[in-house]
Amino acid sequence: MTTSTALARAAYKTLEPFHVTAYFNPELGSAYEDTGLDGHAWYVGARAAPMGPCAPSVVAAAFYNFNPALIERAWPAAVAVGLETVSDRRWTLLDSVLGTALGSLANDPALATLAGRLGDIGDTASFAGRPLAAAWHSADRPEVPHLALWHSITVLREWRGDGHLAALIDAELDPTEAAVFHEADRTTPQPGRRALGKRITQLTRQWSETEWDSAAERLAARGLLTTSPEGETLTDDGLTLDQHIEDRTDIMASAVWKNVPDAEQLITGARPYVKAVIDAGFLPGTKKKAS
């Protein structure tokens, strides 16, 4: 029997591409134009909208490895446009992007069933200590099946993510250090590891070269990585900590998959829809599948 911890890892690896479609897709430019928001304000607004018009520091806490100065600028801009406006535009975008990627699969009755079952699992979760997931769970789930599936996946994804932040705090990695640590080279290849690279991480999280280098120096002083003109590389101790963080994240994410008798079937059942999104070729590191 597959353990709940293994199920948590399998769910993350399987479902993540469907979720990130909201933040990597060919229609983002039109969303920026329609709302008057730049890419940072759109992302922050679209992801944190269910939290409501709270203080920027609250959003910065939930986003963790983003520069608080970025959130202080981007979040008020999204709030000024209207979080409901941003949310409505996000749903319109997802309806178009996912509908196109899924094609005839968007009308597959099994998709609606899957969305409902994953939603049921989210409904059983405890949201104590998981503020971003709680916010998404409180947001209305759309009736359109592929949007309902995205919402159900997002609740579970952010639920796991909130736990991952707890693991980072436990590892004593501050926000900048967490970004540098995640993007450092691994001497041992890790299949399926999702990294953006230093340049994209700095651009999207808005850490300056000085802030990045300072964090790298602190991590090097702890013996977790080495630095060179080519970049940062995790040491053996760094690799051990990296694995510990992932293991703790999986363990904390496992609770929601306990006592779900059809968990493996649900994860397997999601793969055709996730594959369709990957085959559309707009996610980082993917190519459009030839028709």
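Residues numbered from 1 in each chain as written. Predicted model: local features only at pLDDT ≥ 70, side-chain atom pairs only at ≥ 80, totals over all residues. Heavy atoms only, no water.

J.: Before we move on, could you go through the overall build of the protein and cite the residues and values that matter?
T.: A tally of helices and strands in the protein yields 14 helices and two strands. Along the longest, intermediate and shortest principal axes, the C-alpha atoms of the protein span 55 × 50 × 45 Å. Looking at the 291 residues of the protein, the share that counts as buried comes to 47%. When the accessible surface of the protein is summed, it comes to about 13500 Å², and 55% of that surface belongs to carbon and sulfur atoms. Side-chain charges of the protein comprise 26 positive and 37 negative groups, with the mean position of each set lying 5 Å from the other. (Helix = DSSP H or I, 4+ residues; strand = E, 2+ residues; numbered from the N terminus. Buried < 20%, exposed > 50% of the residue type's maximum accessible area, 1.4 Å probe, protein only. Areas by Shrake-Rupley, 256 points an atom, 1.4 Å probe, with all protein chains shown as cover. Lys, Arg positive; Asp, Glu negative; His and termini not counted. Charge placed at Lys NZ, Arg CZ, Asp CG, Glu CD.)

J.: Go over the side chain of D250, please, and point to the residues and values.
T.: Within the secondary structure, D250 is located in helix α13 (residues 236–253). With residues up to four places along the chain from it excluded, the contact list for D250 reads T5, A8, R9 and R160. (Contact = heavy atoms within 4.5 Å.)

J.: Mind laying out the packing of helix α3 (residues 39–48) against helix α5 (residues 68–81), listing which residues take part and the relevant values?
T.: Packing of α3 against α5 leaves a shortest axis separation of 8 Å and a crossing angle of 70°. Between α3 and α5, the interaxial angle falls into the category roughly perpendicular. The segment α3 lies against α5, with H40, A41, V44, G45 and A48 engaging L70, I71, R73, A74, W75, A77 and A78. Within the contact of α3 with α5, the residues separate by chemical class into nine nonpolar, two polar and one charged. (Axes fitted to C-alpha atoms, helices over the stretch in contact; angles between N-to-C directions. Parallel < 35°, antiparallel > 145°, perpendicular 65-115°, else oblique. Nonpolar A, V, L, I, M, F, W, Y, C, P; charged D, E, K, R; others polar.)

J.: Account for helix α10 (residues 175–183), with residues named and values stated.
T.: For an α-helix the count is 3.6 residues per turn, leaving residues at separations of three or four pointing the same way. Among the nine residues that make up α10, seven are buried, leaving the element largely enclosed by the rest of the structure. Looking at the buried side of α10, the elements it contacts are α9 (145–170), α11 (198–205), α12 (209–221), β1 (225–228), β2 (231–234) and α13. Looking at where α10 begins, the residue whose side-chain oxygen comes 3.1 Å from the main-chain nitrogen of T176 is D174. (Polar contact = N/O pair within 3.5 Å; in protein donor to acceptor, adjacent residues only side chain to side chain.)

J.: Mind laying out unusual backbone geometry, listing which residues take part and the relevant values?
T.: Backbone phi values are negative for most residues with the exception of glycine, while trans is the configuration of most peptide bonds. Located in the positive-phi region is Q206, a residue other than glycine, with phi close to 65°. Residue placement: Q206 occurs in the loop between α11 and α12. Here Q206 falls in the partly exposed class, since its relative accessible area comes to 33%. At N259, a position not held by glycine, the phi torsion is positive, near 60°. Locating N259 in the fold gives a position in the loop between α13 and α14 (263–279).

J.: Tell me what's going on with the packing of aromatic side chains, and back it up with residues and numbers.
T.: Counted by the stated rule, this structure contains six aromatic pairs. Ring centres of Y23 and Y43 lie 4.8 Å apart, and the angle between their planes is 65°; on these two criteria the pair is classed as edge-to-face. Note that Y23 is positioned in the loop between α1 (4–20) and α2 (28–35) and Y43 in helix α3, a separation of 20 residues in sequence. For the residue pair Y23 and Y43, the accessibility class agrees, reading buried in each case. (Phe/Tyr/Trp six-rings, centres within 6.5 Å; stacked < 30°, edge-to-face > 60°.)

J.: How would you sum up α12? Please name residues and give values.
T.: Helix length check: α12 (13 residues) gives 18 Å between terminal C-alpha atoms against 18 Å at 1.5 Å per residue, within 8%. For α12, the full list of buried residues reads W212, A215, A216 and L219. One side of α12 holds all its buried residues, which, seen down the axis, span an arc of 100°. Of the residues in α12, the exposed ones pointing more than 90 degrees away from the buried face are T210, E217 and A221. In this structure, the buried residues of α12 make contact with α10, α11, β1 and β2. Immediately downstream of α12, the backbone of G223 shows phi near 80°, a positive value. (Expected span 1.5 Å × (residues − 1). Arc of directions from axis to C-beta.)

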